[in-house]
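Residue-level structure breakdown
The chain contents come next:
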Amino acid sequence: MEILVIVSVLVLVLVVTATVFVVRSRRAGGRPADARRSVPAEPAPAKQAAARATKRDGLGARVREIFAQGGESSWEALEDLLVRADVGPTGSADLVTRVRADVSGGADPAQALRDEVTSILSEGTELNLEGEGLSVVMVVGVNGAGKTTTIGKLARYLTTSGRKVTLAGSDTFRAAAGEQLDVWAERSGASLVKQDRGADPGAVAFDGVKSAQAKGSDVLIVDTAGRLHTKIPLMDELKKVRRSIEKAAGAPPTEVLLVLDATTGQNGISQARVFTEAVGVTGVALTKLDGSAKGGIVIAVREELGVPVKLVGTGEGADDLQLFDPAAFSARLID
Ligand SMILES: Nc1nc2c(ncn2[C@@H]2O[C@H](COP(=O)(O)OP(=O)(O)OP(=O)(O)O)[C@@H](O)[C@H]2O)c(=O)[nH]1
Ligand SMILES: [Mg+2]
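What follows deals with the overall build of the protein chain. Of regular secondary structure, the protein chain possesses 13 helices and eight strands. Within the span of the protein chain, comprising 335 residues, buried residues form 43% of the whole. In the protein chain, of all internal contacts separated by at least 6 residues, the share reaching a separation of at least 24 is 74%.

Among the 21 residues in the neighbourhood of ligand 1, the closest are listed as Asn143, Gly146, Thr149, Gly226 and Gly313. Residues that form the shell around ligand 1 fall into these classes: three nonpolar, 11 polar and seven charged.

Here we take up the nonpolar core. Formed by 84 residues in total, the largest nonpolar core has its most connected members in Leu167, Ile221 and Val222. Residues lining this core come from more than one domain, with at least three contributed by each of domain 1 (45-121) and domain 2 (135-325). When sequence neighbours within four positions are dropped, the list of residues in contact with Leu167 reads Ile151, Ala155, Leu181, Ala185, Ala190, Leu192, Ile221 and Asp223.

With that out of the way, let us pick up the packing of helix H6 (residues 109-121) against helix H13 (residues 326-333). Between H6 and H13, the shortest axis-to-axis distance is 8 Å and the interhelical angle comes to 140 degrees. In terms of their interaxial angle, H6 and H13 are classed as oblique. When the axes of H6 and H13 are compared, the crossing they make is right-handed. Between H6 and H13, the contacting residues are Arg114, Val117, Thr118 and Leu121 on the first element and Pro326, Ala327, Phe329, Ser330, Ala331 and Leu333 on the second. Across the contact of H6 with H13, the residue classes break down as seven nonpolar, two polar and one charged.

Here we take up H13. Those residues of H13 lying buried are Phe329, Ser330 and Leu333. Down the axis of H13, the smallest arc covering the buried residues is 95 degrees, so these residues share one side. Looking at the packing, one finds that the buried side of H13 touches helix H3 (59-69) and H6.

A sheet is described by the order of its strands in space; here eight strands give the open sequence S3-S2-S4-S1-S5-S6-S7-S8, paired in mixed fashion. Of all the strands in the sheet, the pair left with one neighbour each is strand S3 (191-193) and strand S8 (321-323). Across the sheet, the mean angle from the axis of one strand to that of its neighbour is 25 degrees, orientation sign disregarded. The pairing of strand S2 (residues 165-169) with S3 spans three bridges and is parallel. Across the sheet, the residue bridging to Thr166 is Ser191, located in S3. Sitting on the sheet, helix H9 (residues 201-215) is in contact with strand S1 (135-140), S2, S3 and strand S4 (219-223), with an inclination near 165 degrees to S2.

Here the focus is the environment of Thr148. With respect to the secondary-structure elements, Thr148 resides in helix H7 (residues 147-160). Here the alpha-carbon distance between Thr148 and Gln180, two residues 32 residues apart in the chain, equals 7.5 Å. Filtering out sequence-adjacent residues up to four positions away, Thr148 remains in contact with Ala177, Gln180, Leu181, Trp184 and Asp223.

Before going further, it helps to examine the confidence of the model for the protein chain. Predicted confidence across the protein chain gives a mean pLDDT of 86, with 81% of residues reaching 70 or more. Considering only residues more than four positions removed or in separate chains, one finds that residues 19-23, a stretch of pLDDT under 50, has zero contacts. Low confidence marks residues 25-42, where pLDDT is under 50. Its contacts with residues over four positions away, or in another chain, come to one contact.

Thresholds applied
Residues numbered from 1 in each chain as written. Chains lettered and ligands numbered in written order. Predicted model: local features only at pLDDT ≥ 70, side-chain atom pairs only at ≥ 80, totals over all residues. Helix = DSSP H or I, 4+ residues; strand = E, 2+ residues; numbered from the N terminus. Buried ≥ 20, exposed ≤ 12 C-beta atoms within 10 Å, placed from the backbone. Contact = placed C-beta atoms within 7 Å. Near = placed C-beta within 6 Å. Nonpolar A, V, L, I, M, F, W, Y, C, P; charged D, E, K, R; others polar. Core = buried A, V, L, I, M, F, W, Y, C linked by C-beta atoms within 7 Å. Domains from an automatic or database assignment. Axes fitted to C-alpha atoms, helices over the stretch in contact; angles between N-to-C directions. Parallel < 35°, antiparallel > 145°, perpendicular 65-115°, else oblique. Left-handed = near helix turned anticlockwise from the far one by under 90°. Arc of directions from axis to C-beta. Pairing = 2+ DSSP bridges. pLDDT = per-residue confidence, 0-100.

This is how it looks when you write it as structure tokens:
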């Protein structure tokens, strides 16, 4: 009798388990679990194309893929693509409007984009160092952007082209900043004015101007400290350096170059804004363009702050500096 009860319970358990198994597998096979949720709308073909093209593909390849799909969504996809390339919302919207007009006139979208980027970046790219007497270049930027290296390379470029150059070490904050500038002065044949660590940066700049004038230099380049731009005291210090130059030279600096690291991305625009408001940036030196970064941020800087790119750094060596070539930059960005 007991055995009969145990066998009946076992049979019942087996039947229940088998029933549950059959019902579950039917559900899985007949209708996927996701199908019970609402089906997401298919993304527009152009957006699918943009998403499919990997980041490794150049911007040009991605633009071509978007437009191969055609349709109105191409313009939205192009704008997304530009925003992701650090061109910024204003610059991207403006570029799309311009390219749209070109394409409606029969132009190839990737070529139109290249041409419009070239045209946006073409104005005011020359270094303004040809005036009578001493030209003063004040160099600013966050730490590690490449200020001192760019100064060294610029000094070499200028001395090679026959200019007499003095460097002033107004970065009195960072240990070894003076020594780093020393090495560059020696490499380029420039003179150097510096003081001990902790000295007043404005006083070094003032001495720099006086010394450069006394030596009959054509160009004085002033290095500055680059602690985080969010610290108000740095901006105050830079304003003082600018005032000291103006007091000693009787005129504001000829150029205030902002050194921007191409790998900084969108943060570059806030850096540019803070420095421009504090010391009146007249040009950008875009560094580290030898890496994978394409430097789309300079379009945002140009569009939003009106500051042109003037120099490009392409390595750590003495000759790795180029005068900015808008067409070459644009061809590299949209390859
Ligand atoms: N690959 C590459 N490296 C660069 C370039 N420019 C500068 N660097 C490197 O970036 C690092 C920082 O450069 P610095 O010139 O010392 O930067 P800085 O802005 O003077 O830095 P602080 O004095 O600390 O504010 C160094 O290792 C440089 O060799 C460039 O164009 N390409
Ligand atoms: Mg430095």
